[in-house]
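Structural overview
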Amino acid sequence: MAQIRIENVRKEFGAFTAVQSSSFTVEDGEFFMLLGPSGCGKTTTLRMMAGLELPTSGKIYIDGEEVGMKPASKRDIAFVFQMFALYPHMNVGKNMSYPLISQGMPKADVKKRVLEVAQILGIDHILNKSVGGLSGGDRQRVALGRAIVREPKAFLMDEPLGALDAEFRERMAEELRALHDRMGATTVYVTHDQLEAMQMGDKIVVMNHGVVEQFGVPQDIYDWPATKFVANFIGSPPMNFLDFHGIIGSGFDAVDLAGCKISIPEMREGAEGDLTLGVRPEHIHFSDTSEYRGQVVATEYLGTDQIVTLETPNGEVKARIASSVAVAAGEIIGLEFDSRTLTVFSGPKGHALRSSANEKVLAHG
Ligand code: ATP
């Protein structure tokens, strides 16, 4: 098992910067997600951890040892790719034995170890089968098994479930997480799927255009996004943004939206100009007494809940409301927000301003 630390790591490909000065730590035994849209630098970051790509600058430590110049084969890390390549001419058992035989492990020990791992993965009954006829899930289990038998210090996984269909993907995600909980091996997992990251990860790094936007536990990232990008990327529907022009000073505990006073957590820093109030759909409530109003544009039935889209003086918002509430298109409805959950964003990059509610999370991020 291993701790992996990334310190100011940067990667340039010619004039293009794929990863800009990233820093974060994957603690020993963590299931750690690298999350972001396509092209944001997740795979490049993972490949640098593995030693398949050299950083342009910055340092990578595995268990406190700087591994910058150490080749991939000497890092004792297993890489599991999306396109899990198995040896087609070997059966399942031979595919799993191969890494151990190449290391020179005695045959009897190899057999024992492969059987143990196959039992953990639930594939001990197919050890003699050819890999050609296996389902996607079993192929993925064999690929994992081949990585696990080596007992590496850490697993690096690049969208390992990307090739599976949605239903199977969910099942494999649960299996992977359960497997991790049993083995406790440090795992770094690349995904562009925010739900997968929230469901599986102990911690998440959110990347955008090569920049680490936020790093923390899933709930902190959901509740207290550090930037508008994170607020928008995480959550379905994402956080609503109510744009307004104004001044906020340290100590303020309300903002003015279209002449209505909206309570917010007490601010710890100020800003002025174009600002945005961020509110999650589930933190908007209908209220007969609220003077802040929106007009219903659309409703989307989701079973227990419905998503109601409303036009407000500060832009469109989506509210998650119980389906039992009757809502008609065109209706004008008073809106109330859960004050303690609100975030104010400012500046060209839309950074969250520090408040009594988010300051602890932002200090750690
Ligand atoms: P995806 O999910 O699409 O793989 P990603 O977040 O993993 O995206 P990377 O594969 O790390 O992104 O790529 C980040 C950027 O670096 C992309 O714009 C990509 O085109 C570029 N890039 C990656 N490898 C190279 C390379 N060897 N040479 C030039 N550019 C590269």
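Before any of the text, the structure's been laid out above.
The rules behind these values
Think of each chain on its own: its residues are numbered from 1, step by step along the sequence as written. Local features are withheld for residues below a pLDDT of 70 in this predicted model, meaning they are given only at 70 or higher, and side-chain atom pairs are given and counted only at 80 or more; totals for whole chains, interfaces and linings count all residues. Calculated side-chain values reflect all of the structure's heavy atoms, with hydrogen atoms and water omitted. Helix and strand assignments come from DSSP, with helices taken as H or I runs of at least 4 residues and strands as E runs of at least 2, each series counted from the N terminus. Only protein chains enter the accessibility calculation, which uses a 1.4 Å probe; a residue whose area is less than 20% of its type maximum is buried, one above 50% is exposed, and one in between is partly exposed. It only takes one pair of heavy atoms within 4.5 Å for two residues to be counted as in contact. Residues adjacent in sequence count toward polar contacts only when both atoms are side-chain atoms; beyond that, a polar contact is any pair of N or O atoms within 3.5 Å, and within protein one must be able to donate a hydrogen and the other to accept it. Here an axis means a line fitted to C-alpha atoms, over the contact stretch when the element is a helix, while the angle between two N-to-C directions is reported on a 0 to 180 degree scale. The scheme is simple: roughly parallel for angles under 35 degrees, roughly antiparallel for over 145, roughly perpendicular for 65 to 115, oblique for anything else. Should the near helix be turned anticlockwise from the far one by less than a right angle, the crossing is termed left-handed; should it be turned clockwise, right-handed. In this scheme, a helix's expected span is set at 1.5 Å multiplied by one less than its residue total. Here the arc refers to the directions that run from the helix axis out to each C-beta atom. The aromatic pairing rule takes the rings of Phe, Tyr and Trp, using the six-membered ring of Trp, and pairs them if the centres are within 6.5 Å, calling planes under 30 degrees apart stacked, those over 60 edge-to-face and the rest tilted. Only when the NZ of Lys or the CZ of Arg is both within 6 Å of the ring centre and within 35 degrees of the ring normal is a charge said to sit over the ring.

Focus on the environment of Lys203
Secondary-structure assignment places Lys203 in strand β9 (residues 203-208). Classification of Lys203 by relative accessible area gives buried; the value is 18%. Ignoring any residue separated from it by four or fewer positions in sequence, one finds Lys203 in contact with Glu27, Glu30, Phe31, Phe32, Met33, Phe215, Gly216, Val217 and Pro218. At 2.5 Å, the side chain of Lys203 and the side chain of Glu30 are in polar contact.

Some details on the packing of helix α3 (residues 107-121) against helix α4 (residues 136-148)
Between α3 and α4, the shortest axis-to-axis distance is 10 Å and the interhelical angle comes to 135 degrees. The orientation of α3 with respect to α4, classified from their angle, is oblique. Judged by the twist between their axes, the crossing of α3 over α4 is right-handed. On α4, the residues that touch Arg113, Val117 and Leu121 of α3 are Arg141, Leu144, Gly145 and Ile148.

Regarding α3
The terminal C-alpha atoms of α3 lie 21 Å apart, and with 15 residues this matches the ideal 21 Å at 1.5 Å per residue to within 8%. Of all the residues in α3, the buried ones are Val110, Arg113, Val114, Val117, Ala118 and Leu121. End-on view of α3: buried residues confined to an arc of 135 degrees, all on one side of the axis. Residues of α3 that are exposed and point more than 90 degrees away from the buried face comprise Ala108, Lys111 and Lys112. One or two steps after α3, the chain reaches Gly122, where phi turns positive at roughly 70 degrees.

Some thoughts on the packing of aromatic side chains
Evaluation of the coordinates by the stated rule reveals eight aromatic pairs. On the basis of an interplanar angle of 50 degrees and a centroid distance of 5.9 Å, the ring pair of Phe32 and Phe215 is categorised as tilted. Placement of Phe32 in strand β3 (residues 31-35) and of Phe215 in strand β10 (residues 211-216) is noted, with a sequence separation of 183 residues between them. The residues Phe32 and Phe215 share a single accessibility class, namely buried. Their ring planes at 80 degrees and their centres at 5.8 Å tell us that Phe241 and Phe345 sit as a pair that is edge-to-face. Of the two residues, Phe241 sits in strand β11 (residues 240-248) while Phe345 sits in strand β20 (residues 343-346), which places them 104 residues apart along the sequence. On the basis of relative accessibility, which here comes to 1%, the residue Phe345 falls in the buried class. Clustering of aromatic rings is evident, with ring pairs tying together Phe24, Phe32 and Phe215. Sitting over the face of the ring of Tyr61, Arg5 holds its NZ or CZ atom 4.2 Å from the ring centroid.

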